[in-house]
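One letter stands for each residue in the lines below.
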Amino acid sequence: MIIDDHVHVHEWSFQKGDREFEVDYVVELMDEWDIDLSIIMDSLAYIGLDQRASNDYTREAVAAYPDRLLGFANIKPPQGIAACRDEMARTIGDWGFRGIKLHPQVDRYPVNDRALVHPVIELAISYDVPVWVHTGHQPNATPTLMGALARDFPQAKLIIGHMGSGMFYDAMCMAKRYPNLYIDISLQGGHAFGAACEEVGPHKLIYGSDSPYANPGSMKRIIEESSLSERDKALVLGENIARLLHLVPVTAS
Amino acid sequence: MAAAAPPEHVSRGSDGALRRNSDQAKWTDTSVCFGHPEYPAHAETGPLLRAMDAAGIDQAWVFGYRAVATHDFAAANASVRTLVAQHPDRLVPIGLVNPFHAFPAVENLLDEGFKSIKILTGWGNWLTIGNVRRVVVPITQALQRRSLHVSIALEGNIPVTGGSTFLPLIVREACPDACIVLDHCWLPSAWEDYLALAEDDRNLWFTLHSLPQALLTRVVRELGLARIVLGSWLPETDPDLVYAQLQRAAGIGDGLASVLRDNAARVLQGLPPRHATPTDKDTT
């Protein structure tokens, strides 16, 4: 099963009339690139829409394609733990969303912030869902700070989004160091992917595209054309995230 | 418009130069550029020593920064060797090498009395994670064998490709007992990462430099003075003002100078910070 762990939908596009972010188009892209399942999140939460409205739209999109899409909830720790607790109860508890996404850069908090983030991670642990974190910007959204979070919460399932972007080596060092830290490889290139396979191992790498910002085929092709074994490609392309989401039985990796 | 008043601990002499008020507060500057290509007026011995005197610097660790413009590391090191021979009581030689052709240059420099090698992470030296293992780790091991420290010059004003912490992490992984100094930590946005790194590696030394005052104060509070040395990268910045900023952050007046001297002396011996973990090789 091919799973794309990072896809966006919007109720309206950044450019009016552009259907790039409509859910129908997202699924067309999935068909074009033979992707079975995508994890989606609405990203308008990051340009002003509140987390509830944003997650409402994700729910609508999932409802339109329940066999193809899984929802992750946008959670904004600066809105306070009460609001986050309510939103996680609504999205994960009531609707069946399978994880949460944090964007520490846009929402402006260090991702290892004890007061803001630690209570949210505790909630994620209690729901047994992964936490997908945008990384690639200092000072708040970095792989090194994700390492501190993984150290403090060894039970949490944490995903370093975009492999740290320009901080890809830091992401590798952290994922290698902490067993509960995984790497989403969206928006990376061949060098970073190859180095991560060597340093961290394919059992901790997760295919993601950041579609429709990026074409889902570009990263998928890098994996498919890599020198990894077919077994390892399958891990990266779907089985690793499936294991975190309990979509497949847990097996030793 | 009237000129801004100098900080309390300095005064302006009749020649207009700033001079420290207290003779007691002599400190060690662990990063001083010699032959800086962008500051030709400071590329001579006279201006360097005058700047040291004006800032209260008793001892400066000097490296041949001209190499970043020429990649002629041998000539840059030779200029440092000559300089230090003239003022061995004031100057400590630090070597620079092309990391991809580091040997036998490293051993030769150490044989000649150079006290460390500074790794420049930019300037055309793309230190991939593999290259760190291939080139920085062996240099660190060579230094460690002689009880010397390795100095890793990080961000400068731009991020290092690949991140802020992987380089010391990889070196530490390979050399658990090495004396590692992170230098050139200039990028304020990288300090969240450095502080997280510092929390995990209690034996890391940090070279501080000018930072936004609030951030510097937080850094000093979280690191503790025992892990800090000061490096101005003279002539890129005025060392006296860097010192004043750190003094304000530390809040201990002229006592800071002796702390910096003591810390620098430990680094020169390849020792960890005093307050580090019980597994330290030195528990004094």
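Residues numbered from 1 in each chain as written. Chains lettered and ligands numbered in written order. Predicted model: local features only at pLDDT ≥ 70, side-chain atom pairs only at ≥ 80, totals over all residues.

1. Some words on the overall build of chain B
Of regular secondary structure, chain B possesses 10 helices and 11 strands. Here chain B holds 284 residues, and 50% of them are scored as buried. In chain B, of all internal contacts separated by at least 6 residues, the share reaching a separation of at least 24 is 71%. (Helix = DSSP H or I, 4+ residues; strand = E, 2+ residues; numbered from the N terminus. Buried ≥ 20, exposed ≤ 12 C-beta atoms within 10 Å, placed from the backbone. Contact = placed C-beta atoms within 7 Å.)

2. So, the sheet that holds strand 4 (residues 99-102) of chain A
All names here are of chain A. The strand order 1-2-3-4-5-6-7-8 describes an open sheet built from eight strands, whose pairing is parallel. Strands with a single pairing partner mark the edges of an open sheet, and in this sheet they are strand 1 (3-9) and strand 8 (205-206). Bridge analysis of strand 1 against strand 2 (residues 37-42) gives five bridges, and the strand direction is parallel. Across the sheet, residue Val7 finds its bridge partner in strand 2, namely Ile40. Sitting on the sheet, helix 6 (residues 143-152) is in contact with strand 5 (131-134), strand 6 (158-161) and strand 7 (181-184), with an inclination near 180° to strand 6. (Pairing = 2+ DSSP bridges. Axes fitted to C-alpha atoms, helices over the stretch in contact; angles between N-to-C directions.)

3. Overview of the interface of chain A and chain B
It is common to report an interface's size as the accessible area lost on association of the parts. Each side of the interface is counted separately: chain A has 20 residues, and chain B has 17 residues. Among the secondary structure elements, those contributing two or more residues to the side of chain A that touches chain B are helix 6, helix 7 (168-177) and helix 8 (190-199) of chain A. Looking at side-chain class alone, the side of chain A that touches chain B contains 11 nonpolar, seven polar and two charged residues. (Nonpolar A, V, L, I, M, F, W, Y, C, P; charged D, E, K, R; others polar.)

4. Here we look at the pairing of strand 6 of chain A
A regular strand places its side chains so that they alternate between the two faces of the sheet. Residues and elements named next belong to chain A. Burial of strand 6 is two-sided: the residues Leu158 and Ile160 facing one way and the residues Ile159 and Gly161 facing the other way are all buried. Strand direction decides the pairing type here: strand 5 and strand 6, joined by four bridges, are parallel. Bridging from a neighbouring strand, Trp132 pairs with Ile159 of strand 6. In this fold, the crossover linking strand 5 to strand 6 by way of helix 6 has right-handed handedness. In this structure, strand 6 lies alongside strand 7, joined through three bridges in parallel fashion. (Right-handed = clockwise from strand over helix to strand, strands pointing away.)

5. Brief notes about helix 8 (residues 213-223) of chain B
Residue and element names in this part refer to chain B. When helix 8 is considered as a whole, its buried residues turn out to be Leu216, Val219, Val220 and Leu223. Mapping the buried residues of helix 8 onto a view down its axis gives an arc of 95°, with all of them on the same face. For helix 8, the exposed residues set more than 90 degrees away from the buried face come down to Ala214 and Arg221. Of the surrounding elements, those touching the buried residues of helix 8 are helix 7 (191-200), strand 10 (205-208), strand 11 (228-230) and helix 9 (239-250). Looking one or two residues past helix 8, Gly224 carries a phi angle of roughly 85°, positive in sign. (Arc of directions from axis to C-beta.)

6. Considerations on the confidence of the model for chain B
Residue and element names in this part refer to chain B. This prediction gives chain B a mean pLDDT of 88; 88% of its residues lie at or above 70. When the criterion is pLDDT under 50, residues 277-284 qualifies, and its contacts beyond four places in sequence or with other chains add up to eight contacts. As scored by the predictor, the complex reaches a pTM of 0.87 and an ipTM of 0.83. (pLDDT = per-residue confidence, 0-100.)

7. Topic: the packing of helix 5 (residues 129-145) of chain B against helix 6 (residues 166-174) of chain B
All names here are of chain B. One way to put it is that helix 5 packs onto helix 6 with a least axis distance of 9 Å and a crossing angle of 55°. In terms of orientation, helix 5 and helix 6 fall into the oblique class. Pair helix 5 / helix 6 crosses with right-handed handedness. Packed against helix 5, whose contacting residues are Ile129, Val132, Arg133, Val136, Val137 and Thr140, the element helix 6 presents Phe166, Leu167, Ile170, Val171 and Ala174 at the interface. Partitioned by chemical class, the residues of the contact of helix 5 with helix 6 number nine nonpolar, one polar and one charged. (Parallel < 35°, antiparallel > 145°, perpendicular 65-115°, else oblique. Left-handed = near helix turned anticlockwise from the far one by under 90°.)

8. Quick notes on the nonpolar core
Ile160 and Ile183 of chain A together with Val62 of chain B are the most contacted members of the largest nonpolar core, which has 173 residues in total. Looking at this core, the element that brings in the most residues is helix 7 of chain A, giving seven residues. With sequence-adjacent residues up to four places away left out, Ile183 of chain A is seen in contact with Ile160, Met163, Ala171, Ala175, Ala196, Val200, Lys204, Leu205 and Ile206 of chain A. (Core = buried A, V, L, I, M, F, W, Y, C linked by C-beta atoms within 7 Å.)

9. Points about the packing of helix 7 of chain A against helix 8 of chain A
Helix packing geometry: the angle between the two helix axes and the distance between the axes. All names here are of chain A. It is the contact of helix 7 with helix 8, at a shortest axis distance of 10 Å, that shows an interaxial angle of 20°. As far as their axial angle goes, helix 8 and helix 7 are roughly parallel. Considering the relative orientation of helix 7 and helix 8, their crossing is right-handed. Contacts from Phe168, Met172 and Lys176 in helix 7 reach Ala192, Ala195, Ala196 and Glu199 in helix 8. For the contact of helix 7 with helix 8, the residue count by class is five nonpolar, no polar and two charged.

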